[in-house]
Amino acid sequence: MHEVSLVAALIETCEEQAAGRPVGTVRVRHASSITEDSLQQAFRLLAETGHLAGATLITEPFDVPLRCACGFDGILGHDDLVGGSMAVCPSCGDVSRMTRTVGLELVEVRTVA
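Predicted model, so just to flag it, every value in this text is computed and none were measured.

Calculation notes
Residues numbered from 1 in each chain as written. Predicted model: local features only at pLDDT ≥ 70, side-chain atom pairs only at ≥ 80, totals over all residues. Heavy atoms only, no water. Helix = DSSP H or I, 4+ residues; strand = E, 2+ residues; numbered from the N terminus. Pairing = 2+ DSSP bridges. Right-handed = clockwise from strand over helix to strand, strands pointing away. Buried < 20%, exposed > 50% of the residue type's maximum accessible area, 1.4 Å probe, protein only. Axes fitted to C-alpha atoms, helices over the stretch in contact; angles between N-to-C directions. Contact = heavy atoms within 4.5 Å. Expected span 1.5 Å × (residues − 1). Arc of directions from axis to C-beta.

Before we go on, may I ask you to explain the environment of glutamine 41 in this structure?
Along the chain, the position of glutamine 41 falls in helix α2 (residues 36-46). In this structure, the C-alpha to C-alpha distance between glutamine 41 and cysteine 68, residues 27 residues apart in sequence, is 32 Å.

So what exactly am I meant to see when it comes to the pairing of strand β1 (residues 23-31) here?
The side chains of a regular strand alternate, first on one face of the sheet and then on the other. Relative to strand β8 (residues 104-111), β1 runs antiparallel, the two being bridged by 7 bridges. Its bridge partner being in β8, valine 23 is matched across the sheet by threonine 111. Of the strand pairs in this sheet, β1 and strand β2 (residues 56-62) are connected by 7 bridges, and their pairing is parallel. Opposite histidine 30, over in β2, you have proline 61 as the bridge partner. Tracing the backbone out of β1, into α2 and back to the parallel element β2 gives a crossover that is right-handed.

Where do I start with the side chain of glutamine 40 in this structure?
Considering the arrangement of structural elements, one finds glutamine 40 in helix α2. Glutamine 40 gets classed as buried once you look at its relative accessible area, which sits at 17%.

So what exactly am I meant to see when it comes to the sheet that holds β8 here?
As a general point, the strands of a sheet are linked pairwise by backbone hydrogen bonds and lie either parallel or antiparallel. Taken together, 3 strands build an open sheet; the order of strands is β2-β1-β8 and the sheet is mixed. Because the sheet does not close on itself, it has two edges, and the strands there are β2 and β8. The mean inter-strand angle of the sheet, taken between neighbouring strand axes irrespective of direction, is 15°. Lying on the sheet, helix α1 (residues 2-18) is in contact with β1, β2 and β8; it crosses β8 at an angle near 35°.

Teacher, can you tell me more about α1 here?
An α-helix turns once every 3.6 residues. As a result, residues three or four positions apart point the same way. For α1, built from 17 residues, the straight-helix expectation of 24 Å at 1.5 Å per residue is met to within 8% by its first-to-last C-alpha distance of 25 Å. All of the buried residues along α1 are Glu3, Leu6, Val7, Leu10, Ile11, Cys14 and Ala18. Taken down its axis, α1 places every buried residue within 140° of arc, on the same side. The inward-facing, buried residues of α1 contact β1, α2, β2 and β8.

Can you help me understand α2 in this one?
The complete set of buried residues in α2 reads Ser38, Leu39, Gln40, Ala42 and Phe43. Those residues of α2 that are buried are in contact with α1, β1, β2 and β8.

So what exactly am I meant to see when it comes to the sheet that holds strand β6 (residues 86-88) here?
The strand order across the open sheet built from 3 strands is β5-β6-β7, with neighbouring strands paired in antiparallel fashion. Whereas interior strands pair on both sides, the edge strands pair on one side only; in this sheet they are β5 (81-82) and β7 (95-97).

The following block contains the structure:
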């Protein structure tokens, strides 16, 4: 589960930014190829202790588009990317090389006053 490693790195960054203060809210942007449920589950699991215990994860998806020779012109989902740099067309199954996209981007860390 790639999402767990992304969230582990996210939590480490949040803890650094919080500088020992408890965190109330973390806001992120995530690729459409990563499900919100998987991020929330990994966050709850990895943040259940420490400065992020009880913090809320707010997610905002961004689209990962694909335009294929078969005519597909749409947004890729969770099962359509392989290794972050290869896309499988959901219409015809053709494999395309893609520019590597950041899967998870930290937007804001709010500490509790």
